[in-house]
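Okay, here's what each chain looks like letter by letter:
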Amino acid sequence: MTRLHSAAELEQLRASILAARDPARPSIAVCAGAACHGLDSQRVAQAFQAEVARSGEGAGVEVRVTGCHGYCEKGPNVVVGPQEICYFEVTPADVPEIVDSARTGKVVDHLVYRHPVTGEKAVHMKEVPFYKHQTRLLIGDNTRIDPMRIADYIAVGGYAALAKALFRMKPEQIVDEVKKANLRGRGGGGFPAGQKWETARNAPGDERYVIVNGHEGEPGAFMDRALFTGNPHKVLEGLIIGAVAIGSHKGFIYTRHDSPQLIRHIGQALAQAQAYGLLGADILGSGFDFNVELHFDVGIFVSGESSALMRSIEGMPPEPRPKYIRTSVAGIWDRPSNLNNVETWANVPQIIEKGADWYASIGTEGSKGTKLVSLSGNVVDSGVVEVPMGTPLRTIVHDIGGGVAGGKQAKAVHFGGPMGGSIPASLIDAPLDFDALAKLGAPIGAGGLLVMDEDTDMVEVARYFLDWLTQESCGKCVPCREGLWQTMKVLENIGKGRGRSGDIARLEDLNDVTGAACLCALGKTAADPLKSMLRYFRDEYEAQIARGEGNSNAAMGSAVK
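All values derive from a computational prediction rather than experimental measurement. (Residues numbered from 1 in each chain as written. Predicted model: local features only at pLDDT ≥ 70, side-chain atom pairs only at ≥ 80, totals over all residues. Heavy atoms only, no water.)

Draft legend 1. Spatial organisation of the sheet that holds strand E14 (residues 421-424). Pairing is mixed across the open sheet formed by five strands, whose spatial order is E12-E11-E15-E13-E14. The sheet is open, and its two edges are formed by strand E12 (383-388) and E14, each paired on a single side. For this sheet the average axis-to-axis angle between neighbouring strands, irrespective of direction, equals 30°. Direction of pairing for strand E13 (residues 410-415) relative to E14: antiparallel, over a ladder of four bridges. What sits directly across from Phe-415, in E14, is Gly-421. Those strands touched by helix H22 (residues 528-536) are E13 and E14, and its axis lies near 20° from that of E14. (Pairing = 2+ DSSP bridges. Helix = DSSP H or I, 4+ residues; strand = E, 2+ residues; numbered from the N terminus. Axes fitted to C-alpha atoms, helices over the stretch in contact; angles between N-to-C directions. Contact = heavy atoms within 4.5 Å.)

Here it is in structure tokens:
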């Protein structure tokens, strides 16, 4: 492993890697993403490696264990290159046939996609309904990359954007390019990333930090893990470019302690980048120094909140603090600290490499680029979806997701996890757009999209989210600690047939108090799902309350008799 001392040496290395590879050589990419891993894809990968080894040099087939391919519903997934033939629900018993077909160019017919209604086959990735409606700019390389090998990332153009940022751009130009691209944060708020970078860059102080928020703790969100586990160098490259722009020489990656595969891939990426001279002292001979520390959460959701996360990095309990001064100005150890999530950082290399104008040509006027979406719930095909901003939700749910499972009707879609919102199926043609969905009461958040069918009890959905948030609250502030618990009690009574007249007014009062008085976003937005449900599904709440009052009156009458 040779340390690189210049951008020219990086390009020479890239050329040598590509020259040593035959693009026509058959390859087998085995998905080891979380869903496929849970379906024992490790045994499938081991079977492929053993079969190719048994076949000897003449097999001529490369086996790659990769990150998430996206189509979680049909795992374990295998993609055979260079034709990108997709096989689904692969078992170790299928391996010899697939290896033989990879060598001969034949297709294993019984493992390809078949439409559940028409029976129509789709052999290649671009033909599979789940994939063909997507624009996979961020996650598309996952099938081409072994995340434990930096050479695979360099082969697809990795670190070219960093070289451009170091040698062909000034830090101010990098910030301006990100601002011009109108990259908005993908972690929940949709705040303009370039504006945040500029604040951190211009804040007083000699030392400043950049941070990857890889916590992703809310239920129904798994797109960041799919991206970070499958292509850690893309995120790392974005972080280093951000450090150059902001003037930071120290970065942090904050992620979950309970994801061993993710931790292993990040650790390997950091070590390899350091060895190649892409991280550490004098990166690529530019004179720019930058180091990264890996930190882990303590197992609670609120530790992903920006100020709580920074306290955790400081070695303190991960409790939110009042943001009288933004963390971009006074964050970790009261120094300027720029925090973006995994997906936001991953967008940076393509903006620098292809330009802000290219990036801004994708999406809507106020929401640019593509967005990763975790699609789950009562949907035929769940998984990680990447589509341009502005894509109608109908396309995501029906064209990509295959519609509602079991032939049922859609009742609602819910965006943003426990702090998001639900909208009725009648609004499913709404665009995937930060501002449009926020106006409807279903902010995109990090990107978890939950599909709910006609049998869904909207009172129970609200109760579930409140129960989860009540358990995850740090308890530091009274409005959150007590307000969420009281809200949940009212919802539990309604759901158990003990609703009373005035319960909706009580819920709305509690929503107002927690929204105004809680310290951090967990408490302030905890009522958002309930607000959206009272906006669109109030009649369902009123009906359950009426039943509760009827039960109470009947019980009282029986007692009198």
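Draft legend 2. Spotlight on the sheet that holds strand E2 (residues 62-66). Strands sit in the order E2-E1-E3-E4 across an open sheet of four strands; the sheet is mixed. Each edge of the sheet is formed by a strand with only one pairing partner; in this case those strands are E2 and strand E4 (85-87). For this sheet, the mean inter-axis angle between neighbouring strands, taken without regard to orientation, is 20°. Across five bridges, strand E1 (residues 27-31) lies against E2 in parallel orientation. Bridged to Ala-29 within E2 is Arg-64. Lying on the sheet, helix H3 (residues 41-55) is in contact with E1, E2 and strand E3 (78-81); it crosses E1 at an angle near 160°. Along the sheet, helix H4 (residues 95-104) makes contact with E1, E3 and E4, crossing E1 at roughly 145°.

Draft legend 3. Focus on the pattern of salt bridges. Evaluated as defined, the whole model comprises 30 salt bridges. Arg-64 is the salt-bridge partner of Glu-62, the closest N and O atoms lying 3.3 Å from each other. Its relative accessible area of 10% is what places Arg-64 among the buried residues. Notably, a salt bridge pairs Glu-508 with Arg-538, separated by 2.5 Å at the nearest N-O pair. Pair noted here: Glu-508 is in helix H20 (residues 503-517) and Arg-538 is in helix H23 (residues 538-560), with a separation of 30 residues, a long-range link. Owing to a relative accessible area of 30%, Arg-538 belongs among the partly exposed residues under this scheme. Residues joined by salt bridges that share partners form a network here, namely Arg-21, Glu-62, Arg-64, Asp-146, Arg-149 and Asp-152. (Salt bridge = Lys/Arg side-chain N within 4 Å of Asp/Glu carboxyl O. Buried < 20%, exposed > 50% of the residue type's maximum accessible area, 1.4 Å probe, protein only.)

Draft legend 4. Examining the packing of aromatic side chains more closely. Taken as a whole and judged by the stated rule, the model has 13 aromatic pairs. Look at Tyr-209 and Phe-252: their rings are 5.5 Å apart centre to centre, the planes differ by 65°, and that puts the pair in the edge-to-face class. Placement of the pair is Tyr-209 in strand E7 (residues 209-214) and Phe-252 in strand E8 (residues 250-255), with a sequence separation of 43 residues. Here Tyr-209 and Phe-252 have matching classes, each one buried. Ring centres of Tyr-209 and Trp-333 lie 6.0 Å apart, and the angle between their planes is 70°; this geometry places the pair in the edge-to-face category. Remark: Trp-333 occurs in the loop between helix H13 (306-313) and strand E10 (337-341) and Tyr-209 occurs in strand E7; sequence separation between them is 124 residues. By relative accessible area, Tyr-209 is classed as buried at 2%. The exposure class of Trp-333 is partly exposed, given its relative accessible area of 42%. Among the aromatic side chains, those forming a connected cluster through ring pairs are Tyr-71, Phe-88, Phe-130 and Tyr-131. (Phe/Tyr/Trp six-rings, centres within 6.5 Å; stacked < 30°, edge-to-face > 60°.)

Draft legend 5. Representation of the pairing of strand E15 (residues 448-453). E15 sits mainly inside the fold: five of its six residues count as buried. Across five bridges, the pairing between E13 and E15 is antiparallel. Note that in E15 the partner of Val-413 across the bridge is Val-451.

Draft legend 6. Spatial organisation of the pairing of E1. In terms of burial, E1 is a largely internal element, five of the five residues being buried. What you see with E1 is no split at all: Ser-27, Ala-29 and Cys-31 on one side and Ile-28 and Val-30 on the other are buried throughout. Here four bridges tie E1 to E3, and the two strands are oriented antiparallel to one another. Each residue of the ladder has a partner; that of Ala-29, found in E3, is Val-79.

Draft legend 7. The arrangement of the nonpolar core in detail. Judged by nonpolar contacts, the single largest core of 68 residues is most densely connected at Tyr-159, Ile-174, Trp-197, Leu-239 and Phe-290. The element best represented in this core is helix H11 (residues 232-246), accounting for nine residues. (Core = buried A, V, L, I, M, F, W, Y, C linked by side-chain atoms within 4.5 Å.)

Draft legend 8. Quick peek at the environment of Phe-88. Tracing the sequence through the fold places Phe-88 in the loop between E4 and H4. Overall, Phe-88 belongs to the buried group, its relative accessible area being 7%. Spatially, the C-alpha atoms of Phe-88 and Gly-75 are 5.9 Å apart, while their sequence positions differ by 13 residues. Phe-88 has contacts with Tyr-71, Lys-74, Pro-76, Asn-77, Leu-111, Val-112, Tyr-113, Val-128 and Tyr-131, leaving out every residue within four places of it along the chain.

Draft legend 9. View of the side chain of Ser-303. Within the fold, Ser-303 resides in the loop between strand E9 (291-296) and H13. Ser-303 sits in the buried class, given a relative accessible area of 0%. Here the side chain of Ser-303 touches His-215 through a polar contact of 3.2 Å, side chain to side chain. Each residue touching Ser-303, except ones within four places of it in the same chain, is listed here: His-215, Tyr-254, Asp-297, Val-298, Ala-308, Leu-309 and Pro-318. (Polar contact = N/O pair within 3.5 Å; in protein donor to acceptor, adjacent residues only side chain to side chain.)

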